[in-house]
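Architecture and fold: a report
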Amino acid sequence: MKIPKRMEPLVEDGLVDEVIRQLMSGKEAMVFVVRCGEEIRCAKVYKEANKRSFRQSVDYTEGRKVKNSRQARAMEKGSKYGRKAQEEAWQSAEVDALYRLAAAGVRVPKPYNFHEGVLLMELVTDDNGNAAPRLNDVALTEERAREYHHALIQQVVRMLCAGVVHGDLSEYNILVGSDGPVIIDLPQAVDAAGNNHASSMLDRDVTNLANYFGQFAADLKTSDYGKEIWSLYESGELHAEVKLTGRFERIVKPADLVGVMREIDDARAAEAARLARIAVV
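Here the structure is a predicted model, which means the values were calculated and not measured.

A few words on the overall build of the protein. Check the secondary structure of the protein and you find eight helices and nine strands. When each of the 281 residues of the protein is scored for burial, the buried share is 39%. At a minimum sequence separation of 6, the contacts of the protein that also span at least 24 residues come to 59%. Of the roughly 16,100 Å² that the protein leaves accessible, carbon and sulfur atoms contribute 50%.

Here's what the structure looks like:
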């Protein structure tokens, strides 16, 4: 097929020998099957900001560090250079997350190279060696749904142990490879410790999984892994092999009515004393 314009630098630099076919076009990028020497891999070509339907949000970019202070200032001002730097930071966030998660044992596509806005990574395949389907395209039995749900909750735990929350996890960005589910699409991944929205994003990711797999195993819809996982993370008790229950007991403390009335009485007394001083003056 004709080489896409944004992939020409990779061909010229010898990183890609042949573009075989387009695999998919998503809200943020197009993905191609390519040949690199004897290896068949995939190349993710990021769309330009004005052609991408997934808009960057401050909820996602909060807490991301920019090493170059000039870039940081430009990004704050929204200048042309700043917008370009912000776009590069958005793309490199996925690359950084992939390397970080692969090292932590999370099942994500193995990254190989990032060059000129194109990410070269492992082509996830099914049992027959074909490109793996997305989870939403696979028919599931109740048993398989439970198996995949369990595997993905474990991956969410491993991700959080590595300090990462996916932020947009659903059946549309999970592939079903020959060895089970593989998590993809991470440019919006957030740093768990540096983002105030990390807790709610993790809970939403886990709820998405519960709702999807709950179509095949109804009791999964009432599980509460998200808050259980975050609670363990906050208390420093989360680790890759942690045993989860899927339940979370919310402790609601009874209102201290005596204390509240005491504060009201103190406030009234203070106000009465203030008025008395004014009257004397």
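So, about a negative patch on the surface. Together, Glu8, Glu12, Asp13 and Glu116 make up a negatively charged patch on the protein surface. Within the secondary structure, Asp13 is located in the loop between helix H1 (8-12) and strand S1 (18-25).

To continue, consider the sheet that holds strand S2 (residues 29-36). Strand order in the open sheet made by the five strands is S1-S2-S3-S5-S4, with antiparallel pairing throughout. Each having just a single partner strand, S1 and strand S4 (111-115) make up the two edges of the open sheet. Averaged over all pairs of adjacent strands, the angle between strand axes in this sheet comes to 25°, irrespective of strand direction. In terms of strand pairing, S1 meets S2 through six bridges, oriented antiparallel. Residue pairing for S2: Met24 is matched across the bridge by Val31.

With that settled, consider the side chain of Glu28. Tracing the sequence through the fold places Glu28 in the loop between S1 and S2. Within the structure, the side chain of Glu28 is placed 3.0 Å from the side chain of Lys44, a separation counted as a polar contact.

If you trace the backbone, Asn173 turns up in the loop between strand S6 (164-165) and strand S7 (174-177). On the basis of relative accessibility, which here comes to 5%, the residue Asn173 falls in the buried class. Within the local environment of Asn173, its side chain forms a polar contact with the backbone nitrogen of Ser170, the two atoms lying 2.9 Å apart. Excluding residues that lie within four positions of it along the chain, Asn173 makes contacts with His166, Asp168, Val182, Ile183, Ile184 and Asp185.

Turning next to the nonpolar core. With 50 residues, the main nonpolar core has Phe213 and Ile229 as its most contacted residues. Broken down by element, this core gets its largest block of residues, eight residues, from helix H5 (residues 142-161). In this structure Ile229 touches Ile153, Val156, Val157, Leu160, Leu202, Leu238 and Leu244, once residues within four positions along its chain are discounted. If you look at the next biggest cluster of nonpolar residues, it comprises 11 residues, including Met7, Leu10, Val19 and Cys36.

A word on the packing of aromatic side chains. Taken as a whole, this structure holds four aromatic pairs when the rule is applied. Between Tyr46 and Phe114 the ring centres are 6.3 Å apart and the planes differ by 85°, which places this aromatic pair in the edge-to-face class. One end of the pair, Tyr46, is in strand S3 (residues 39-46); the other, Phe114, is in strand S4, with 68 residues separating them in the sequence. On the basis of an interplanar angle of 75° and a centroid distance of 5.5 Å, the ring pair of Tyr212 and Phe213 is categorised as edge-to-face. Judged by its relative accessible area of 0%, Phe213 is buried. Put simply, the rings of Tyr212, Phe213 and Phe216 touch in pairs and so form one group of aromatic residues.

Here we come to empty space enclosed by the protein. Inspection of the entire model under this criterion finds one cavity of 30 Å³ or more. Size it by volume and the largest cavity reaches roughly 40 Å³. Every residue lining the largest cavity is listed: Val156, Met159, Leu160, Val164, Val165, His166, Leu169, Leu202 and Asp205. Contributing elements (two or more residues each) for the lining of the largest cavity: H5, S6 and helix H6 (198-213). Top contributing element to the lining of the largest cavity by residue count: H5, with three residues.

Conventions we followed
- Residues numbered from 1 in each chain as written.
- Predicted model: local features only at pLDDT ≥ 70, side-chain atom pairs only at ≥ 80, totals over all residues.
- Heavy atoms only, no water.
- Helix = DSSP H or I, 4+ residues; strand = E, 2+ residues; numbered from the N terminus.
- Buried < 20%, exposed > 50% of the residue type's maximum accessible area, 1.4 Å probe, protein only.
- Contact = heavy atoms within 4.5 Å.
- Areas by Shrake-Rupley, 256 points an atom, 1.4 Å probe, with all protein chains shown as cover.
- Patch = residues over 30% accessible without salt bridge, like charges linked within 9 Å, V, L, I, M, F, W, Y side chains within 5 Å.
- Salt bridge = Lys/Arg side-chain N within 4 Å of Asp/Glu carboxyl O.
- Lys, Arg positive; Asp, Glu negative; His and termini not counted.
- Charge placed at Lys NZ, Arg CZ, Asp CG, Glu CD.
- Pairing = 2+ DSSP bridges.
- Axes fitted to C-alpha atoms, helices over the stretch in contact; angles between N-to-C directions.
- Polar contact = N/O pair within 3.5 Å; in protein donor to acceptor, adjacent residues only side chain to side chain.
- Core = buried A, V, L, I, M, F, W, Y, C linked by side-chain atoms within 4.5 Å.
- Phe/Tyr/Trp six-rings, centres within 6.5 Å; stacked < 30°, edge-to-face > 60°.
- 1 Å grid on protein atoms, 1.4 Å probe; cavity = no way out; pocket = protein on both sides within 12 Å on 5 of 7 lines; lining within 4 Å.
- Points joined across faces, edges and corners; volume = space filled by probe spheres on them.

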